[in-house]
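A closer look at the structure
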Amino acid sequence: MVVSTPRLLILVAALGWLAVPASAQTKSATEPATVAAPVEKPLPDIPTLIREVEAHQKAAESIQKNYLYRSVVTEQESNGHGGIKKTSTREYDVFWIDGVPVSRLMKKDGKDLSEKEIQKENEEIDKRVAEVKEKKAKAMREGKATDSAGNEVVPVSRLLELLSFTNPRRVMLNGRDTIVMDCAGAPHAQPRDRAERVYRVIAGTAWVDEQDRALVKAEGRFVDSFKIGGGLVANIQKGTSFQMEQTKVNGEVWLPSMAAGSGSARFFLLFHFNGTLKMVNSGYRKFKATSTILPDIKVPASQ
């Protein structure tokens, strides 16, 4: 299961700092004036905030589909003794086709793909889009919710049962009011399946933009190892950490800017790393997507 990634700014500081009593104007220049303390805004209700983040994410997808950006992924494989065994980089163009987000490989270790590799990549994208659309259609027939990639999502109501959110506070992040909260597995939550057991072994912190109700930063770690199928299906080692950040583009949408992981993790044959993995995104621009990559090998056209 994949948790889907789940606005209100009030300016009050000026009113607080300008609330100088009239009597202070007649006092001696050597006597300090009394300044009223700024009024602190109450923190939002956390369960309500999390529901609003989910609603914002769903609404934002209609805008995200209009964007293309370049993603550079750098992996450093550990040699098991604290050193680096191998470093590799891959560059992708990330965009949407028929409501499905796709990543098209453009370069490997700084080199452009060969014609044969380009053809294979195009075929894989078309296959991926068709599979995701079928997964979504099947889930809809069964009355199940999915994310944009067709993965079954954990409803917010269930997420609030599986995780405990504590220590909410307000900070300034990149000049914007941001609500920060810590989270960890709820001690008395009862997992309904093997996948839900992952919430017992993770802990982290989330940053939510207060005005836009958008998740803009997250950090987490595995406080214990996690396995499914004896490690054959999933195997994540204790101490593995992860983080992500988003940036606001053109004043209208939050898009992923960075994601990173450190440790050791494997999911089937789909994903594996043992060391560090970092993704950095840039070059955000609007585009018009074609409905398919094949047979004409069309690509998104930038606006």
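Residues numbered from 1 in each chain as written. Predicted model: local features only at pLDDT ≥ 70, side-chain atom pairs only at ≥ 80, totals over all residues. Heavy atoms only, no water.

We now examine the overall build of the chain. Along its length, the chain carries 4 helices and 14 strands. For the chain, buried positions account for 35% of its 303 residues. Per element, the accessible surface of the chain, about 17,600 Å² overall, is 54% carbon and sulfur. (Helix = DSSP H or I, 4+ residues; strand = E, 2+ residues; numbered from the N terminus. Buried < 20%, exposed > 50% of the residue type's maximum accessible area, 1.4 Å probe, protein only. Areas by Shrake-Rupley, 256 points an atom, 1.4 Å probe, with all protein chains shown as cover.)

Attention shifts here to a nonpolar patch on the surface. Nonpolar side chains collect at one region of the surface, where F267, F268 and F271 lie side by side and expose about 270 Å² of accessible area between them. Within the fold, F268 resides in the loop between β12 (253-267) and β13 (271-288). (Patch = residues over 30% accessible without salt bridge, like charges linked within 9 Å, V, L, I, M, F, W, Y side chains within 5 Å. Salt bridge = Lys/Arg side-chain N within 4 Å of Asp/Glu carboxyl O.)

With that out of the way, let us pick up the nonpolar core. Ranked by internal contacts, the top residues of the largest apolar core, which has 24 residues, are V198, Y199, F222 and F226. Secondary structure elements with two or more residues in this core: β1 (67-78), β2 (84-97), α4 (156-162), β9 (226-228), β10 (234-236) and β13. I50, V53, I179 and L215 belong to the second largest nonpolar core, which has 10 residues in total. (Core = buried A, V, L, I, M, F, W, Y, C linked by side-chain atoms within 4.5 Å.)

Attention now goes to the side chain of D209. Following the sequence through the fold, D209 ends up in strand β7 (residues 202-209). Polar side-chain contacts of D209 include one of 2.5 Å to the side chain of R176. Here the side chain of D209 touches Q211 through a polar contact of 3.3 Å, landing on its backbone nitrogen. Not counting chain neighbours up to four residues away, the residues in contact with D209 comprise R176, D177, T178, A214, V216 and W254. (Polar contact = N/O pair within 3.5 Å; in protein donor to acceptor, adjacent residues only side chain to side chain. Contact = heavy atoms within 4.5 Å.)

In this section: the packing of aromatic side chains. Per the stated rule, a full pass over the model turns up 3 aromatic pairs. When the centroid spacing of 5.4 Å and the interplanar angle of 50° are considered together, the rings of Y69 and Y284 count as tilted. With a gap of 215 residues between them, Y69 in strand β1 and Y284 in strand β13 connect regions that are remote in the sequence. Taking the relative accessible area as the measure of exposure, Y284 reaches 23% and is therefore partly exposed. Taken together, a centroid distance of 6.2 Å and an interplanar angle of 65° make the contact between F222 and F242 edge-to-face. With a gap of 20 residues between them, F222 in strand β8 (residues 214-222) and F242 in strand β11 (residues 241-249) connect regions that are remote in the sequence. Judged by relative accessible area, F242 falls into the partly exposed class, the value being 37%. (Phe/Tyr/Trp six-rings, centres within 6.5 Å; stacked < 30°, edge-to-face > 60°.)

Of the residues in the chain, 81% reach a pLDDT of 70 or more, and the chain-wide mean stands at 82. Note that pLDDT drops below 50 for residues 1-35; the model gives that stretch 48 contacts with residues more than four away or on any other chain. Predicted confidence is poor over residues 291-303, with pLDDT under 50, and the contacts of this stretch with residues over four places away or in other chains come to 34 contacts. (pLDDT = per-residue confidence, 0-100.)

Our next topic: the pairing of β2. Where β1 lies against β2, 10 bridges are found, and the strand directions are antiparallel. Its bridge partner being in β2, Y69 is matched across the sheet by V94. The hairpin turn running from β1 into β2, its antiparallel successor, is 5 residues long, and G80 in that turn takes a positive phi close to 85°. Direction of pairing for β2 relative to strand β3 (residues 100-108): antiparallel, over a ladder of 8 bridges. Residue pairing in the sheet places W96 in a bridge with P101 of β3. The turn linking β2 back onto β3 is made up of 2 residues, and D98 within it adopts a positive phi angle of 50°. (Pairing = 2+ DSSP bridges.)

The next point concerns helix α2 (residues 46-64). The end-to-end C-alpha distance of α2 is 26 Å, a good match for the 27 Å that 19 residues give at a rise of 1.5 Å each. Of the residues making up α2, those classed as buried are I46, L49, I50, V53, E54, H56, Q57, A60, E61 and Q64. (Expected span 1.5 Å × (residues − 1).)

Turning to helix α3 (residues 115-141), a few remarks are in order. In an α-helix there are 3.6 residues to a turn, and that puts residues three or four apart on one side. Counted at 1.5 Å a residue, the expected span for α3 with its 27 residues is 39 Å, and the 40 Å between its end C-alpha atoms agrees. Lining the buried residues of α3 we find β2 and β3. Phi turns positive one or two residues past the end of α3, at G143, with a value near 75°.

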